[in-house]
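# Residue-level structural notes
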Amino acid sequence: MNDWWTDRKQNQQLSNLESEMSYARQEASSLRSQLSRIQGSLQSRVDSMSRAFDAFVELSDLRHETAGFVDAAELRRYATRVLSAMASSTELPEPGAPVARYWLSPATQALISLHASTPDEQAISTAMELDQRRTSIYLSLALAVLGQRHQVQNEWLDVAFGVPAADGTLTRVQRVLWTTAARGGFGADGLELVVKRLQSAASPDGGWLSRLENRGSSSRSNGARLKATEQQDEAADRLSRIRNAVETILGNTEAREPDPDLNYPETRKTDSTPDDAKSSRRGAKSSADNEPAEDSAAAMLRLLISEGSEPERETLTRIAVLRARVTGAAESAAQTLDDSAGTVDALLTEDLSLSADPHLSTAALRVVGPLVLPGVETVAQTAGLPGPSEVSVESGVHTITIRTDGPDQLELGKATSSLTSSAGVVSAGQRATPIGLLVGGAVVAVGLGLLLHWFWIVVGLVVIAFGLNSYMKLRRSINDDKTRAAGEVTSLNERCTTAATTLADYLKNTDTRKAAITDDLTTIRQQLTT
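In what follows, the accompanying structure is described. (Residues numbered from 1 in each chain as written. Predicted model: local features only at pLDDT ≥ 70, side-chain atom pairs only at ≥ 80, totals over all residues. Heavy atoms only, no water.)

### Quick word on the packing of helix 2 (residues 70-88) against helix 12 (residues 297-306)
Orientation of helix 2 relative to helix 12, taken along the N-to-C sense of each, is 160 degrees, at an axis distance of 9 Å. Relative to helix 12, the element helix 2 is oriented roughly antiparallel. The chirality of how helix 2 crosses helix 12 is right-handed. Within the contact between the two elements, helix 2 uses R76, A79, T80 and L83 and helix 12 uses L301, I305 and S306. Considered class by class, the residues forming the contact of helix 2 with helix 12 number 4 nonpolar, 2 polar and 1 charged. (Axes fitted to C-alpha atoms, helices over the stretch in contact; angles between N-to-C directions. Helix = DSSP H or I, 4+ residues; strand = E, 2+ residues; numbered from the N terminus. Parallel < 35°, antiparallel > 145°, perpendicular 65-115°, else oblique. Left-handed = near helix turned anticlockwise from the far one by under 90°. Contact = heavy atoms within 4.5 Å. Nonpolar A, V, L, I, M, F, W, Y, C, P; charged D, E, K, R; others polar.)

As structure tokens, this is what we get:
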């Protein structure tokens, strides 16, 4: 007995020790995991600090290289102040020393002369010779944000926008020129030029019709419809939705005037807050320093000016990357004119859905308008298909032909007979059970009860009761089956009557329906081609 107690106590101690060891292993595993995360975090921080330090050292070295471009840096500050002064209608700053072979110098003089409505052709020509593309971008965007779109020449805009890449990708500057044109910065001719460039890069089968359709709602009636005319009805609904979308987009009068947000920041009202849709699309705008949104014309002008002259451009680009690395910002924050802004198809899809920005959605519709017209014509043709002279209603294995004067009576009679003839029919086997119980109960009650003992009378009565209950259930089943068949016959007659009435109304309204389809198509065609 004593040995048993000792073994039991030792086993219990071993079990407790095993539990403690298991807990210790779990704690050790958790500590190792935490240590690994801490080590990884520390290593990441060390690597980040190391990269930032290396960038700072390289940045210090590169700044020495820019010492020889003091006049160019001063010219950039002067150009920025000129834009601000023009935007706020204040006195222009005093110009600094001229910088040879730097396009920004004659381009700024050209802008000053254009703003004063006395174009300096010599300055314009000199700037174009030094850098035609950047000068064209600069003059086009600057005049747009200063509210002088009438002075923007299509030749400049043509050079500034260039041609979209073969894969349909647009650069950042092309996207800004697009949005500036959409917001009225270049006038009608400038917008038409940009629209044609985008049309050449947009996918013909980009699903534009369905995207446009998603913005509209149908004015068609949702009454009774025939299965035989589903195709026509659906096409008519689509046509109505497309018309509604087109009229909603082009009917917004706000898009007929230049967008106030197009102006240079100094002329904007800083106490107004854009709505959520515009804020999310254009980026947050600080009311303290009134910084322009990243995709605005003003921001592109500042980026263009900050690029620097050709000899220092590569160094300044590298400085921007290093500065982003030192401050912890993403290196993508160091932007360039030729950064990718996305594909034409993706940007058009985004703009087409912007109900909060009528300028961009209207411009997007002008681009895709000619691309969706063939599809609209096809939808209209489907909607205008002639209605059927007769339709059919299915009832089990029977098909009833329906005409405007009603259903085919012979076919309806056969279907009705099929429904009623089998209703309430009881097989011999179903009748055998209650009859057998009744007869059997009577035999037991009379035969055995009278001859042997009164107990068998009770048994016989119980059996008879079961027989009567079975009989009543059978009768209810027969009545229910007949009621169901009568209901199906009534429903079939109603379906046939409804189908005949709907068919008659559909054919009667053929002229009205075709007139509505023609009106929708004409309106859509006029809106998308004018």
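From this point, the discussion proceeds with the structure in view.
### Re the pattern of salt bridges
This model, assessed by the stated rule, comprises 21 salt bridges. For the salt bridge of D520 with R243, the shortest nitrogen-to-oxygen distance reads 2.7 Å. Of this pair, D520 sits in helix 19 (residues 510-529) while R243 is found in helix 10 (residues 230-250), placing the two residues 277 residues apart along the sequence. We note that D520, like R243, is buried. The partner of R403 in a salt bridge is D408, and the shortest N-O contact between them spans 3.8 Å. Via salt bridges that share partners, R243, E247, D519 and D520 belong to a single interconnected network. (Salt bridge = Lys/Arg side-chain N within 4 Å of Asp/Glu carboxyl O. Buried < 20%, exposed > 50% of the residue type's maximum accessible area, 1.4 Å probe, protein only.)

### Topic: the packing of aromatic side chains
To describe a pair of aromatic rings, you give the distance between the ring centres and the angle between the ring planes. Tallied over the entire structure, the rule returns 2 aromatic pairs. An angle of 85 degrees between the planes, with centres 6.4 Å apart, marks the rings of Y102 and W103 as edge-to-face. Relative accessible area serves as the criterion here: at 4%, W103 is assigned to the buried category. For the ring pair W103 and Y138, a centre distance of 5.7 Å and an interplane angle of 75 degrees mean the geometry is edge-to-face. Taken together, the residues W103 in the loop between helix 2 and helix 3 (104-115) and Y138 in helix 5 (residues 132-145) connect sequence positions 35 residues apart. Like Y138, W103 is buried. Three or more aromatic residues joined by ring pairs make a cluster, and in this case those are Y102, W103 and Y138. Above the plane of the ring of W178 lies R175, whose end atom (NZ or CZ) is 4.6 Å from the centre. (Phe/Tyr/Trp six-rings, centres within 6.5 Å; stacked < 30°, edge-to-face > 60°. Lys NZ or Arg CZ within 6 Å of the ring centre and 35° of its normal.)

### Some remarks on the nonpolar core
Counting residues in each nonpolar core, the largest one holds 91 residues, and the members touching the most others are L111, Y138, L141, L348 and L365. The biggest single contributor to this core is helix 15 (residues 358-383), with 12 residues. With residues up to four places along the chain from it excluded, the contact list for Y138 reads A79, W103, L104, A107, T108, L111, L301, L304 and I305. Grouped together as the second largest cluster of nonpolar side chains are 14 residues, V393, C496, A499 and L503 included. (Core = buried A, V, L, I, M, F, W, Y, C linked by side-chain atoms within 4.5 Å.)

### Topic: the environment of G206
Its place among the elements puts G206 in the loop between helix 8 (187-201) and helix 9 (208-213). Judged by its relative accessible area of 16%, G206 falls in the buried class. Taking C-alpha positions, G206 is 9.2 Å from T349, a pair spaced 143 residues apart along the chain.

Remember, this is a structural readout, not a statement about activity or role.
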